[in-house]
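A closer look at the structure
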Amino acid sequence: MRRIYGICLILFAMLLIAAPSRAQYKRITGRVLEKQFGNNKPKPFEEEVRVLGYNTVSAAKKDKAMIDKNSSFMLDADAETVADENGYYSIDIAPTGALIVIVGTTNELREIKKRLEHNFVIEGGIALKNTVVTAKAKVATVDSMEVIDTGSTIECSSILTIPENIGRDFARCVFQPFVIDCQTGDTIEYRQPRVYDGKDYALTQDRRMFYDMNNDVLKPYIQGDPLTSGLLQIRWSDSIKKRNLKHSYTCMAGLMVADYNNVYYKDEKQVSSCLARRPFQFLEFSTGWFELDPMQYKENPRAELRDGAENISLSFVVGKAELDPNPENAQELERLNKKLQDIDQSGDYQLKRIALTGYASPDGLYDKNYKLAQQRSELAKSLISRNFKREIFIYSNKPVVVGWSVVVDSLKAKGMTEEAETVDAIIKANKIIDRQTAQIQKLKFYATAIAPILPKLRIFKCEYAYQTTRALEPEQILDNYLHNPDFQEGGKKMLSHYDYWHLFNMITDPVEAEKLYKRAFYESKKNEARPWVYAANKLVVSYLKRDTMDLEVLRPFVDINVPHVNVERRTFAGHKYYVNIDKVVANQITEYYKAEHNDTAYYLAKMLPDVEEFREIRSFSIVKGTMFKKNKTPEQKEELAKAIEVVQNSSPINKAVIQIAQNRNKEAAETVASLNDEDPRKWYMKAVLDSRDMDFVAGATDLDHCFQLDKKFIVIMENDGDISDDVKEMWQDMYGSAMSE
Amino acid sequence: MSRFKIYIALIFCCVAQIAGAQQIAVKTDVLFDGLATPNLGLELVTGNKTTLGISAMGCSQPYGKDINFLAVQPEFRYWFNGRPMTREFIGVGAILASYRLQWKNEFYRGFAGGVGLTFGYTYNISKRFNVEGYFGFGAVAYRHFDHESEVPLETYYNDGDSKDYGNVTGYMLMPTKIGIAVSYILK
């Protein structure tokens, strides 16, 4: 008895545990009928009626969205049943959930809202079985479209079909493509239109009053194919230069057909998508650089002009241009002469010019003093020049009559403040110097305090300039550069190419070195007939090492009109120089390649010789520049084939990129399979191949694998035309919400 | 008759003066050419759908028949489809003719004038060559001498006045134009 009681207790307990999990479900019943036309009573459907039950309304709405998109194979209903032949159904589901009834192509969602009976009267969509529908398009259609983003250009092509009975013999069709920036929505430019004239239209256009066919702006675009009432296929392709390398671009085309009187057909079609294939987005190219041989560009020291100055005191007979015959004068002259001779005959220097300035004291009349100073200056000039065996340019500056304010300063320096103030007061009271002189000479202390100062004011200043060709040692150059403000940027003196050449070899800090290269290049650009190529190349190499660029630096050295490298030229004076130095061209190509200027990079690459040193940069430029170009010549095709070989062999990733770009899907699949599993690019490229195979689930899975490794590929996918919309949607459905968490 | 010729020449000159930048075509009706009735027409574009033309024809004893006549037909045409000298048109024209002919035993000599409506279609063979077919019908008034061949013409002069223009007047509804013409656009 006890045992039976225990068993009952256990069973009851189990029932209690189970009951709560079933208590939330209710049996929902109802009937599904088909709405009839007019006042006829609704009838049960002849087709199968599926009833799906969802415990939550949101889950039901999510599945309804999928059903509406015809993606019904991933529905996630909590319960499902099929109505009987009379339309009755019964389903157990949470009373706060929802039902979806599906009949043929029609479906309806209804929230349960705790009601236990739900009847449906649905206007069923009629599913036609084995029906062949033939329809003729009445509007133009775009039948195929291919868009490839090479980095710098968009290569697009499409086929636009204008159906029958739109064109006529006496009508004109204008096809006008225009480019839109996908990011901004702006119309960027209008491309070349195409015009198709009907036979009669072409014959009769210029029968119009005052009509001149030569003034028809569309005349250059009239195609050979006439417009007829039959089908017209416009095979369009274009290469659009991207204005902003980070943006994508689409092409729309306006289509207009007009007869003699009016436009009777107008349409606008998208002939190129925003979602372009980007075949080169994973192409690996290690941007190398090319240094010029320093010994080839070693500079010689140049002649440099330097300045010097000496002051000499000479005493003259009062009021005359004659030297006092005293030994001090002879000593002063000897001192100056020795200084100048030492410079001139040293061998390293050569005197170029000497300037003398005579100074007169302010006592006496101003005009007389001035003339006397001039005469004395000429005397000094003759005394100096007779010591030189060779002709040397000596000239006299205008003499200077020193003002009484200098005497005031001298008195103050001697401590004679009172006397200084007295003289200063006289200066301020009298503007004319002769009046000042007259009054100062009457002062009591003139003879004792002022007169002794005056002889010291009667001096000669000798300024000279001399040239040196003596080369500085590298250490001296470095010392000047680092410590002498005259040689620093903005200083009074400029460094020569010789100085820079040595500094380039001595400065090792990359930041400091780049500043130096920049300074050398821009100074030469500003001050010389031709900028210095060595400094320019050093600067660009420095930029490339930092993974940046400036296309303008090497531009003066590359003549795009000369299709060869190392071309010798001569200036008018006969000096030799080179344009298109091969390493300089190679560096410029690298910069253009990085800047996605593929056309220019390709054009320059053809200049370079096909040697080992330049093979890689040539090949990458050729592949990017011409792989998707239309109308290649046989030579270009051969050149491209060789370049592809080089690029493919440069790395496994590049091999896969090229194979995918060329639609060699089977080979690409093998190559991609061999790539490193930790590389997100492997999974991305696999997703591209899955997309081409229309294996959407595998594509979504591979995409998710890629995004798990690197989320930035999500943005890449969103703008990539190589991944189909179906794969993108599949990924979004399967993994999108988890990724956003 | 000579005054009549002068008038025709003047009309042609006026038409030639009007022609500027618009096209002008010369044409000949090959049916009448076949009937030994040489004819020549000029057509000038006057608008995007209109042209003005004038043609003259005449014959003298064609195929030995005693028929002499000279006619001039100015016409204004409207082209339906939007280009002149192309496809369907309708024209309003006049006819002025001077004739002298013998029909069975009757002599006729006089003038006729009328207006008519023409319908036609121009087929473009090339940029400059067209072929057009047309048919016109209208009302024509006439005044002529009508006498039997044995009776001298002077019998019918009133008061011996040689300037009398005829003893028969009337009008009739009749085709004013029929033909297949080839035209050449000069410029």
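Rules of the game
Throughout, residues of each chain are indexed from 1 in the direction in which the sequence is written. In the order they appear in the text, chains get letters beginning with A and ligands get numbers beginning with 1. This being a predicted model, a pLDDT of at least 70 is required before a residue's local features are given, and a value of 80 or more before pairs of side-chain atoms are given or counted; all residues contribute to the totals for chains, interfaces and linings. Excluded from the side-chain calculations are hydrogens and water; all other atoms, namely the structure's heavy atoms, are used. To qualify as a helix, a DSSP run of H or I must reach at least 4 residues; to qualify as a strand, a run of E must reach at least 2; elements of each kind are numbered from the N terminus. Residues count as neighbours in contact if any of their non-hydrogen atoms are within 4.5 Å of one another. By definition, the buried area sums, over both parts, the 1.4 Å-probe accessible area that each loses when the two are put together. Salt-bridge detection follows one rule: a side-chain nitrogen of Lys or Arg within 4 Å of a carboxyl oxygen of Asp or Glu. Polar contact is defined as a pair of N or O atoms within 3.5 Å, subject to the rule that within protein one atom must be able to donate a hydrogen and the other to accept it, and that residues adjacent in sequence are counted only when both atoms are side-chain atoms. Only Asp, Glu, Lys and Arg are considered charged, only Ala, Val, Leu, Ile, Met, Phe, Trp, Tyr, Cys and Pro nonpolar, and every remaining residue, Gly among them, polar. What counts as a disulfide here is a pair of cysteine sulfur atoms lying within 2.5 Å. Summary of the burial criterion: residues with accessible area below 20% of their type's maximum are buried, those above 50% are exposed, and those between are partly exposed, where the area comes from a 1.4 Å probe applied to protein chains only. What we call a nonpolar core is a set of buried Ala, Val, Leu, Ile, Met, Phe, Trp, Tyr and Cys residues that are connected through their side-chain atoms within 4.5 Å. Interaxial angle, 0 to 180 degrees, is taken between N-to-C directions of lines fitted to C-alpha atoms, where a helix line uses only the stretch in contact. By the definition used in this description, the sense in which the near helix is turned from the far one sets the handedness, with an anticlockwise turn below a right angle giving left-handed and a clockwise turn giving right-handed. Think of it this way: a Phe, Tyr or Trp ring, Trp meaning its six-membered ring, pairs with another when their centres are within 6.5 Å, and the plane angle makes it stacked under 30 degrees, edge-to-face over 60, tilted otherwise. A positively charged side chain is recorded as over a ring if its NZ (Lys) or CZ (Arg) lies within 6 Å of the ring centre. The angle to the ring normal must also be within 35 degrees. An expected span of 1.5 Å times one less than the residue number is assigned to each helix. What the arc describes is the spread of directions from the helix axis to the C-beta atoms. Paired strands, in this sense, are two strands between which DSSP finds at least two bridges. Only residues whose relative accessible area exceeds 30% and that form no salt bridge are eligible for patches; like-charged ones are grouped when within 9 Å, while nonpolar side chains (Val, Leu, Ile, Met, Phe, Trp, Tyr) are grouped when within 5 Å. To be clear on the numbers: accessible area is Shrake-Rupley with a 1.4 Å probe, and residue cover counts the displayed protein chains and nothing else. For this count, His and the chain ends are skipped, Lys and Arg are scored as positive, and Asp and Glu as negative. Charge positions are represented by NZ for Lys, CZ for Arg, CG for Asp and CD for Glu. For every residue, the pLDDT score states the predictor's confidence, bounded by 0 at the bottom and 100 at the top.

Concerning the overall build of chain B
Across its full length, chain B carries 2 helices and 8 strands. For chain B, the α and β elements follow one another from N to C terminus as α-β-α-β-β-β-β-β-β-β. Expressed as a percentage of contacts within chain B between residues at least 6 apart in sequence, the contacts between residues at least 24 apart total 58%.

Remarks on the interface of chain B and chain A
Each partner contributes to the interface: chain B provides 23 residues, whereas chain A provides 14 residues. Summed over both partners, the interface of chain B with chain A comes to about 1,700 Å²; 45% of that surface belongs to carbon and sulfur atoms. The largest contributions to the chain B side of the interface with chain A come from Arg83, Arg87 and Lys127 of chain B, which together make up 39% of the buried area. Residue Asp206 of chain A pairs with Lys127 of chain B through a salt bridge whose shortest N-O separation is 3.8 Å. For the pair chain B and chain A, the number of links is 11 residue pairs in polar contact (both at pLDDT 80 or more). When grouped by side-chain class, the residues that make up the side of chain B that touches chain A number 7 nonpolar, 11 polar and 5 charged.

Side note on the state of the cysteines
Here a disulfide denotes a covalent bond joining the sulfur atom of one cysteine to the sulfur atom of another. All names here are of chain A. Under the criterion given, the structure shown has 1 disulfide over all chains. In this model, Cys182 is linked to Cys274 through a disulfide, with the two sulfur atoms separated by 2.0 Å. The S-S bond linking Cys182 to Cys274 shows a torsion near -100°; that makes this disulfide left-handed. You can see Cys182 sitting in the loop between β11 (172-181) and β12 (187-190) and its partner Cys274 sitting in the loop between β16 (263-272) and β17 (304-313), a full 92 residues away along the chain. On the basis of relative accessibility, which here comes to 22%, the residue Cys182 falls in the partly exposed class.

Overview of the nonpolar core
Residue and element names in this part refer to chain A. Counting residues in hydrophobic clusters, the biggest one holds 90 residues, and the most contacted among them are Phe504, Val623, Met627, Tyr684, Met685 and Leu703. When residues of this core are assigned to their parent elements, the largest contribution, 8 residues, is made by helix α13 (residues 533-545). Val147, Val179, Leu227 and Ala253 belong to the second-largest nonpolar core, a separate cluster that totals 25 residues.

Structural notes on the packing of α13 of chain A against helix α14 (residues 582-594) of chain A
Residue and element names in this part refer to chain A. With their axes 10 Å apart at the nearest point, α13 and α14 run at an angle of 35° to one another. Note that α13 runs across α14; the crossing there is left-handed. Contact residues: Val533, Asn537, Val540, Val541 and Leu544 in α13; Lys583, Val584, Asn587, Thr590, Glu591 and Lys594 in α14. For the contact of α13 with α14, the residue count by class is 5 nonpolar, 3 polar and 3 charged.

Overview of the packing of aromatic side chains
Inspection of every chain in the model, using the stated rule, returns 27 aromatic pairs over all chains. Arranged with centres 5.8 Å apart and planes meeting at 55°, the rings of Trp532 of chain A and Tyr534 of chain A form a pair that is tilted. Taken individually, Trp532 of chain A and Tyr534 of chain A each receive the classification buried, so the pair is uniform in this respect. The structure contains a cluster of three or more aromatic residues connected by ring pairs, namely Tyr297, Tyr500, Phe504, Tyr517, Trp532 and Tyr534 of chain A. Positioned above the aromatic ring of Tyr264 of chain A, the side-chain terminus of Arg168 of chain A is 4.0 Å from the ring centre. Over the face of the ring belonging to Tyr134 of chain B we find Arg77 of chain B, whose NZ or CZ atom lies 5.7 Å from the ring centre.

Some thoughts on the pattern of salt bridges
Residues and elements named next belong to chain A. Counted under the stated rule, the structure contains 49 salt bridges over all chains. Measuring nitrogen to oxygen at the nearest pair gives 3.4 Å for the salt bridge that ties Asp149 to Arg278. Within this pair, whereas Asp149 is found in strand β9 (residues 141-149), its partner Arg278 is found in the loop between β16 and β17, the two being separated by 129 residues in sequence. As far as burial versus exposure is concerned, Asp149 and Arg278 are alike and both buried.

Considerations on helix α4 (residues 327-344) of chain A
Residues and elements named next belong to chain A. Between its first and last C-alpha atoms α4 spans 25 Å; for 18 residues at 1.5 Å apiece the expected length is 26 Å, and the two agree. Turning to α4, its buried residues are Asn329, Glu332, Leu333, Leu336, Asn337, Leu340, Gln341, Ile343 and Asp344. Seen end-on, α4 carries its buried residues on one side only, within an arc spanning 160°. What points out from α4, more than 90 degrees from its buried face, is the exposed set Pro327 and Gln331.

Here's the deal with the sheet that holds strand β14 (residues 232-241) of chain A
Residues and elements named next belong to chain A. Here we have 3 strands laid out as an open sheet, ordered β9-β10-β14, and antiparallel in their pairing. Each edge of the open sheet carries a strand with a single partner, namely β9 and β14. Averaged over neighbouring strand pairs, the angle between their axes works out to 10° when direction is ignored. Examined bridge by bridge, strand β10 (residues 153-162) and β14 share 10 bridges and lie antiparallel to one another. Within the sheet, the bridge partner assigned to Ile154 lies in β14 and is Ile240.

So, a negative patch on the surface
A contiguous patch of negative charge on the surface is contributed by Asp725, Asp726, Glu729 and Asp733 of chain A. Here Asp733 of chain A shows up in helix α23 (residues 725-740).

Quick notes on the pairing of β9 of chain A
A regular strand carries its side chains on alternate faces of the sheet. Residues and elements named next belong to chain A. Across 8 bridges, β9 lies against β10 in antiparallel orientation. Directly across from Ile148, in β10, lies its bridge partner Glu155. Linking β9 back to β10 in an antiparallel pair, the connection comprises 3 residues, with Gly151 at a positive phi of about 115°.

Some points on the confidence of the model for chain A
Residues and elements named next belong to chain A. Scored by pLDDT, chain A has a mean of 85; 91% of the residues are at 70 or more. Taken element by element, chain A is modelled with least confidence in helix α1 (residues 2-23), mean pLDDT 56, and with most confidence in strand β13 (residues 194-197), mean pLDDT 95. Between residues 17-23, whose pLDDT stays under 50, and residues either more than four places distant or in other chains, the model counts 1 contact.

Observations regarding the sheet that holds strand β3 (residues 49-54) of chain A
Residue and element names in this part refer to chain A. Strand order in the open sheet made by the 4 strands is β4-β3-β6-β7, with antiparallel pairing throughout. With partners counted over all chains shown, the strands left at the sheet margins are β4 (79-82) and β7 (106-111), one partner each. Taken over all neighbouring pairs, the strand axes of this sheet differ in orientation by 15° on average, direction set aside. Inspection of the sheet shows β3 paired to strand β6 (residues 98-103) by 6 bridges, in the antiparallel sense. Directly across from Arg50, in β6, lies its bridge partner Ile102.

Quick notes on a nonpolar patch on the surface
On the surface, Val30, Leu31, Tyr121, Tyr123, Ile125, Phe129, Ile180, Val182, Tyr184 and Leu186 of chain B cluster together into a nonpolar patch covering about 860 Å² of accessible area. Ranked by the residues each element gives to the nonpolar patch, the list is headed by strand β8 (residues 168-185) of chain B, at 3 residues.

Notes on α13 of chain A
Given 3.6 residues to a turn, an α-helix orients residues that are three or four positions apart in the same direction. Residues and elements named next belong to chain A. With 13 residues, α13 extends 18 Å from end C-alpha to end C-alpha; this agrees with the ideal 18 Å at 1.5 Å per step. Those residues of α13 lying buried are Val533, Tyr534, Ala535, Ala536, Asn537, Lys538, Leu539, Val540, Val541, Ser542, Tyr543 and Leu544. Looking at the packing, one finds that the buried side of α13 touches α11 (497-506), α12 (510-527) and α14. Immediately downstream of α13, the backbone of Asp547 shows phi near 60°, a positive value.

Things to note about the environment of Glu155 of chain A
Residue and element names in this part refer to chain A. Structurally, Glu155 can be placed in strand β10. Exposure remark for Glu155: the relative accessible area of 5% places this residue in the buried category. Residues Glu155 and Ser272, spaced 117 residues apart in sequence, show a C-alpha to C-alpha distance of 9.3 Å. Polar contacts involving the side chain of Glu155 include one to the side chain of Thr153, which spans 3.1 Å.

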